[in-house]
Amino acid sequence: MVDEPIDKSIRPSAPASEDPPELAKLPPGRHGLSREFVLYNQRERLIAGLAESIAEHGYAGTTVAHITRAAAVSRRTFYEHFSSKEDCFAVAYETVMEDLRKRVSDAFDGVDDWPRAIRASIAAMLGFLAADPNLARLCMVEGLVAGPVVAERYDAAIQSFVPYFRAGREGRSPVALAHLAATTEEALVGGMVSLISRRIVAGQAAELEELLPDLVEFTLTPYLGRAAAAEIAGEG
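Residues numbered from 1 in each chain as written. Predicted model: local features only at pLDDT ≥ 70, side-chain atom pairs only at ≥ 80, totals over all residues. Heavy atoms only, no water.

If you had to explain the overall build of the protein chain to someone new, which residues and values would you point to?
Scanning the protein chain from N- to C-terminus turns up 11 helices and 0 strands. Secondary structure elements in the protein chain, listed N-terminal to C-terminal, are α-α-α-α-α-α-α-α-α-α-α. Looking at the protein chain alone, contacts between residues at least 24 apart form 63% of all its contacts between residues at least 6 apart. (Helix = DSSP H or I, 4+ residues; strand = E, 2+ residues; numbered from the N terminus. Contact = heavy atoms within 4.5 Å.)

Spelled out as C-alpha coordinates, the structure:
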(Lines give C-alpha, C1' and ligand atoms only; values in the text may rest on other atoms or scores of the structure.)
Protein backbone atom coordinates (compact mmCIF):
# COMPACT_ATOMS: atom_id res chain seq x y z
CA MET A 1 0.00 0.00 0.00
CA VAL A 2 1.49 3.36 -0.98
CA ASP A 3 0.46 6.30 1.15
CA GLU A 4 0.64 9.92 0.11
CA PRO A 5 4.03 11.54 0.79
CA ILE A 6 4.08 13.48 4.03
CA ASP A 7 4.77 17.17 3.82
CA LYS A 8 7.49 17.67 6.41
CA SER A 9 7.02 21.44 6.26
CA ILE A 10 3.68 21.21 8.04
CA ARG A 11 5.15 20.33 11.40
CA PRO A 12 8.75 21.14 12.36
CA SER A 13 10.64 18.50 14.28
CA ALA A 14 11.31 19.31 17.91
CA PRO A 15 14.99 20.02 18.59
CA ALA A 16 16.39 16.79 19.94
CA SER A 17 18.71 18.57 22.40
CA GLU A 18 15.95 20.41 24.27
CA ASP A 19 14.60 18.79 27.44
CA PRO A 20 11.44 20.76 28.39
CA PRO A 21 8.11 19.08 27.56
CA GLU A 22 6.67 20.19 24.23
CA LEU A 23 3.50 21.76 25.59
CA ALA A 24 4.81 23.13 28.88
CA LYS A 25 4.45 26.85 29.47
CA LEU A 26 7.82 28.50 28.92
CA PRO A 27 9.40 30.27 31.90
CA PRO A 28 9.34 34.10 31.79
CA GLY A 29 12.44 36.16 31.13
CA ARG A 30 15.73 34.71 29.95
CA HIS A 31 15.40 30.96 29.79
CA GLY A 32 18.27 29.96 27.53
CA LEU A 33 16.06 28.07 25.10
CA SER A 34 16.73 28.29 21.40
CA ARG A 35 14.47 30.40 19.21
CA GLU A 36 13.60 27.27 17.22
CA PHE A 37 12.38 25.48 20.33
CA VAL A 38 10.39 28.49 21.55
CA LEU A 39 8.56 28.74 18.20
CA TYR A 40 7.91 25.01 18.13
CA ASN A 41 6.63 25.09 21.71
CA GLN A 42 4.31 28.03 21.01
CA ARG A 43 2.95 26.46 17.84
CA GLU A 44 2.24 23.13 19.51
CA ARG A 45 0.52 24.83 22.46
CA LEU A 46 -1.62 26.90 20.11
CA ILE A 47 -2.71 23.76 18.28
CA ALA A 48 -3.50 22.06 21.59
CA GLY A 49 -5.28 25.24 22.73
CA LEU A 50 -7.36 25.24 19.56
CA ALA A 51 -8.35 21.60 20.07
CA GLU A 52 -9.27 22.25 23.70
CA SER A 53 -11.31 25.34 22.81
CA ILE A 54 -13.17 23.59 20.01
CA ALA A 55 -14.01 20.68 22.30
CA GLU A 56 -15.57 23.17 24.72
CA HIS A 57 -17.14 25.73 22.39
CA GLY A 58 -17.34 24.06 18.97
CA TYR A 59 -15.60 25.49 15.92
CA ALA A 60 -18.13 28.27 15.32
CA GLY A 61 -18.07 29.38 18.95
CA THR A 62 -14.29 29.35 19.34
CA THR A 63 -12.47 32.68 19.23
CA VAL A 64 -8.81 33.63 19.09
CA ALA A 65 -9.14 34.71 22.72
CA HIS A 66 -10.27 31.20 23.68
CA ILE A 67 -7.28 29.69 21.88
CA THR A 68 -4.67 32.01 23.39
CA ARG A 69 -6.12 31.56 26.88
CA ALA A 70 -6.00 27.78 26.59
CA ALA A 71 -2.48 27.91 25.12
CA ALA A 72 -1.26 30.45 27.70
CA VAL A 73 0.23 32.73 25.05
CA SER A 74 -0.48 36.30 24.02
CA ARG A 75 -2.67 37.41 21.14
CA ARG A 76 0.44 38.86 19.53
CA THR A 77 2.11 35.44 19.68
CA PHE A 78 -0.92 33.87 18.02
CA TYR A 79 -0.68 36.22 15.06
CA GLU A 80 3.05 35.57 14.75
CA HIS A 81 2.11 31.99 13.85
CA PHE A 82 -1.31 32.20 12.23
CA SER A 83 -3.28 34.80 10.30
CA SER A 84 -6.67 33.79 11.68
CA LYS A 85 -8.63 31.11 13.54
CA GLU A 86 -9.30 29.49 10.17
CA ASP A 87 -5.59 29.38 9.36
CA CYS A 88 -4.82 27.90 12.78
CA PHE A 89 -7.45 25.23 12.30
CA ALA A 90 -6.22 24.32 8.82
CA VAL A 91 -2.66 23.86 10.09
CA ALA A 92 -3.85 21.96 13.16
CA TYR A 93 -5.99 19.69 11.01
CA GLU A 94 -3.13 18.87 8.64
CA THR A 95 -0.81 18.28 11.59
CA VAL A 96 -3.14 15.83 13.28
CA MET A 97 -4.04 14.04 10.05
CA GLU A 98 -0.39 13.72 9.12
CA ASP A 99 0.26 11.94 12.40
CA LEU A 100 -2.81 9.75 11.98
CA ARG A 101 -1.95 8.76 8.42
CA LYS A 102 1.57 7.80 9.46
CA ARG A 103 0.32 5.65 12.34
CA VAL A 104 -2.13 3.86 10.05
CA SER A 105 0.43 3.43 7.27
CA ASP A 106 3.11 2.06 9.61
CA ALA A 107 0.64 -0.38 11.15
CA PHE A 108 -0.57 -1.58 7.74
CA ASP A 109 2.93 -1.98 6.32
CA GLY A 110 4.07 -3.86 9.42
CA VAL A 111 1.82 -6.86 8.71
CA ASP A 112 2.16 -9.06 5.61
CA ASP A 113 -1.29 -10.67 5.68
CA TRP A 114 -3.83 -8.20 4.23
CA PRO A 115 -6.81 -8.94 6.52
CA ARG A 116 -4.63 -8.67 9.60
CA ALA A 117 -2.94 -5.57 8.19
CA ILE A 118 -6.41 -4.01 8.01
CA ARG A 119 -7.02 -5.01 11.62
CA ALA A 120 -3.69 -3.49 12.67
CA SER A 121 -4.36 -0.24 10.82
CA ILE A 122 -7.85 0.14 12.31
CA ALA A 123 -6.41 -0.55 15.77
CA ALA A 124 -3.76 2.13 15.18
CA MET A 125 -6.42 4.65 14.14
CA LEU A 126 -8.64 3.96 17.13
CA GLY A 127 -5.71 4.07 19.54
CA PHE A 128 -4.52 7.39 18.16
CA LEU A 129 -7.96 8.98 18.42
CA ALA A 130 -8.74 7.55 21.86
CA ALA A 131 -5.47 8.90 23.27
CA ASP A 132 -6.60 12.52 22.82
CA PRO A 133 -10.37 13.10 22.59
CA ASN A 134 -9.88 16.79 21.79
CA LEU A 135 -7.75 16.07 18.74
CA ALA A 136 -10.13 13.27 17.78
CA ARG A 137 -13.01 15.74 17.70
CA LEU A 138 -10.94 18.26 15.77
CA CYS A 139 -10.04 15.91 12.94
CA MET A 140 -13.09 13.64 12.76
CA VAL A 141 -15.97 16.00 13.55
CA GLU A 142 -15.16 19.69 13.30
CA GLY A 143 -13.39 19.39 9.95
CA LEU A 144 -16.80 19.17 8.33
CA VAL A 145 -17.92 22.60 9.60
CA ALA A 146 -14.67 24.56 9.46
CA GLY A 147 -15.20 26.07 6.01
CA PRO A 148 -14.78 24.88 2.42
CA VAL A 149 -10.96 24.76 2.45
CA VAL A 150 -10.83 22.42 5.43
CA ALA A 151 -13.86 20.48 4.18
CA GLU A 152 -11.92 19.68 0.99
CA ARG A 153 -8.96 18.54 3.07
CA TYR A 154 -11.29 16.46 5.23
CA ASP A 155 -12.65 14.68 2.16
CA ALA A 156 -9.13 14.13 0.79
CA ALA A 157 -7.99 12.75 4.15
CA ILE A 158 -10.88 10.31 4.32
CA GLN A 159 -10.24 9.23 0.72
CA SER A 160 -6.61 8.52 1.59
CA PHE A 161 -7.75 5.50 3.61
CA VAL A 162 -9.65 3.94 0.70
CA PRO A 163 -6.61 2.27 -0.98
CA TYR A 164 -5.94 0.20 2.17
CA PHE A 165 -9.25 -1.57 1.64
CA ARG A 166 -9.00 -1.63 -2.13
CA ALA A 167 -5.83 -3.68 -1.72
CA GLY A 168 -8.15 -6.46 -0.58
CA ARG A 169 -9.11 -7.07 -4.19
CA GLU A 170 -5.51 -7.82 -5.19
CA GLY A 171 -4.66 -11.47 -5.66
CA ARG A 172 -8.25 -12.56 -5.35
CA SER A 173 -10.40 -14.09 -8.04
CA PRO A 174 -12.47 -11.47 -9.88
CA VAL A 175 -15.28 -14.03 -9.90
CA ALA A 176 -15.19 -14.34 -6.11
CA LEU A 177 -15.38 -10.57 -5.71
CA ALA A 178 -17.82 -9.94 -8.55
CA HIS A 179 -20.47 -8.94 -6.02
CA LEU A 180 -18.43 -5.93 -4.89
CA ALA A 181 -19.47 -2.57 -6.32
CA ALA A 182 -16.79 -0.15 -7.51
CA THR A 183 -17.61 2.13 -4.57
CA THR A 184 -17.40 -0.59 -1.90
CA GLU A 185 -14.22 0.76 -0.36
CA GLU A 186 -15.52 4.32 -0.17
CA ALA A 187 -18.69 3.02 1.50
CA LEU A 188 -16.67 1.02 4.03
CA VAL A 189 -14.47 3.98 4.95
CA GLY A 190 -17.47 6.28 5.11
CA GLY A 191 -19.37 3.90 7.39
CA MET A 192 -16.37 3.45 9.66
CA VAL A 193 -15.75 7.19 9.93
CA SER A 194 -19.44 7.83 10.58
CA LEU A 195 -19.53 5.41 13.50
CA ILE A 196 -16.30 6.80 14.97
CA SER A 197 -17.56 10.37 14.62
CA ARG A 198 -20.85 9.57 16.35
CA ARG A 199 -18.99 8.09 19.31
CA ILE A 200 -16.80 11.19 19.53
CA VAL A 201 -19.81 13.53 19.45
CA ALA A 202 -21.39 11.41 22.21
CA GLY A 203 -18.34 12.03 24.40
CA GLN A 204 -17.06 8.47 24.08
CA ALA A 205 -13.77 9.13 22.29
CA ALA A 206 -11.73 7.57 25.08
CA GLU A 207 -13.59 4.27 24.53
CA LEU A 208 -13.08 4.13 20.75
CA GLU A 209 -10.78 1.11 20.93
CA GLU A 210 -13.78 -0.95 22.00
CA LEU A 211 -15.05 -0.61 18.41
CA LEU A 212 -12.15 -2.62 16.97
CA PRO A 213 -13.87 -6.03 16.65
CA ASP A 214 -17.02 -4.55 15.10
CA LEU A 215 -15.14 -2.37 12.61
CA VAL A 216 -12.82 -5.19 11.58
CA GLU A 217 -15.73 -7.55 10.97
CA PHE A 218 -17.68 -4.84 9.14
CA THR A 219 -14.83 -3.94 6.78
CA LEU A 220 -13.55 -7.48 6.09
CA THR A 221 -16.88 -9.23 5.56
CA PRO A 222 -17.33 -8.11 1.91
CA TYR A 223 -13.97 -9.69 1.01
CA LEU A 224 -13.74 -12.75 3.28
CA GLY A 225 -17.28 -13.59 4.24
CA ARG A 226 -18.77 -13.14 7.68
CA ALA A 227 -17.27 -16.19 9.40
CA ALA A 228 -13.67 -15.50 8.41
CA ALA A 229 -14.04 -11.79 9.13
CA ALA A 230 -15.48 -12.49 12.58
CA GLU A 231 -12.59 -14.86 13.34
CA ILE A 232 -9.98 -12.19 12.56
CA ALA A 233 -12.02 -9.54 14.39
CA GLY A 234 -11.94 -11.68 17.51
CA GLU A 235 -8.18 -12.17 17.51
CA GLY A 236 -6.45 -10.57 20.44
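For the environment of L135, give the residues involved together with the corresponding values.
Residue position: L135 is located in helix α6 (residues 133-140). With 42 residues separating them in the primary sequence, L135 and Y93 have C-alpha atoms 8.7 Å apart.

Pulling in residues and values, what's your account of the packing of aromatic side chains?
Summed over all chains, the structure comprises 8 aromatic pairs. Each ring, one from Y59 and one from F89, has its centre 5.1 Å from the other, and the planes form 75 degrees; the classification is edge-to-face. Of the two residues, Y59 is situated in helix α1 (residues 35-61) and F89 in helix α4 (residues 85-109); the sequence distance between them amounts to 30 residues. Y59 gets classed as buried once you look at its relative accessible area, which sits at 7%. Note on F89: relative accessible area 0%, which makes it buried. Taking 6.5 Å as the distance between ring centres and 35 degrees as the angle between the ring planes, the aromatic pair formed by Y93 and Y154 counts as tilted. A residue pair is termed long-range when its members are at least 10 positions apart, and Y93 in helix α4 and Y154 in helix α7 (residues 148-159) qualify at 61 residues. (Phe/Tyr/Trp six-rings, centres within 6.5 Å; stacked < 30°, edge-to-face > 60°. Buried < 20%, exposed > 50% of the residue type's maximum accessible area, 1.4 Å probe, protein only.)

Explain the packing of α6 against helix α9 (residues 184-201) residue by residue, including any values.
Relative to each other, α6 and α9 sit at 130 degrees, their axes nearing to 10 Å. Between α6 and α9, the crossing angle belongs to the class labelled oblique. The interaxial crossing formed by α6 with α9 has left-handed handedness. Residues A136, R137 and M140 of α6 form the contact with α9, whose participating residues are V193, I196, S197, I200 and V201. Residues of the contact of α6 with α9, tallied by class, amount to 6 nonpolar, 1 polar and 1 charged. (Axes fitted to C-alpha atoms, helices over the stretch in contact; angles between N-to-C directions. Parallel < 35°, antiparallel > 145°, perpendicular 65-115°, else oblique. Left-handed = near helix turned anticlockwise from the far one by under 90°. Nonpolar A, V, L, I, M, F, W, Y, C, P; charged D, E, K, R; others polar.)

A description of the environment of S121 should follow, citing residues and the corresponding values.
Among the secondary structure elements, S121 is positioned in helix α5 (residues 114-131). Judged by relative accessible area, which is 5%, S121 ranks as buried. Through-space distance from the C-alpha of S121 to that of F108 is 5.1 Å; in sequence the pair is 13 residues apart. Apart from the residues lying within four places of it in its own chain, the contact partners of S121 are V104, A107 and F108.

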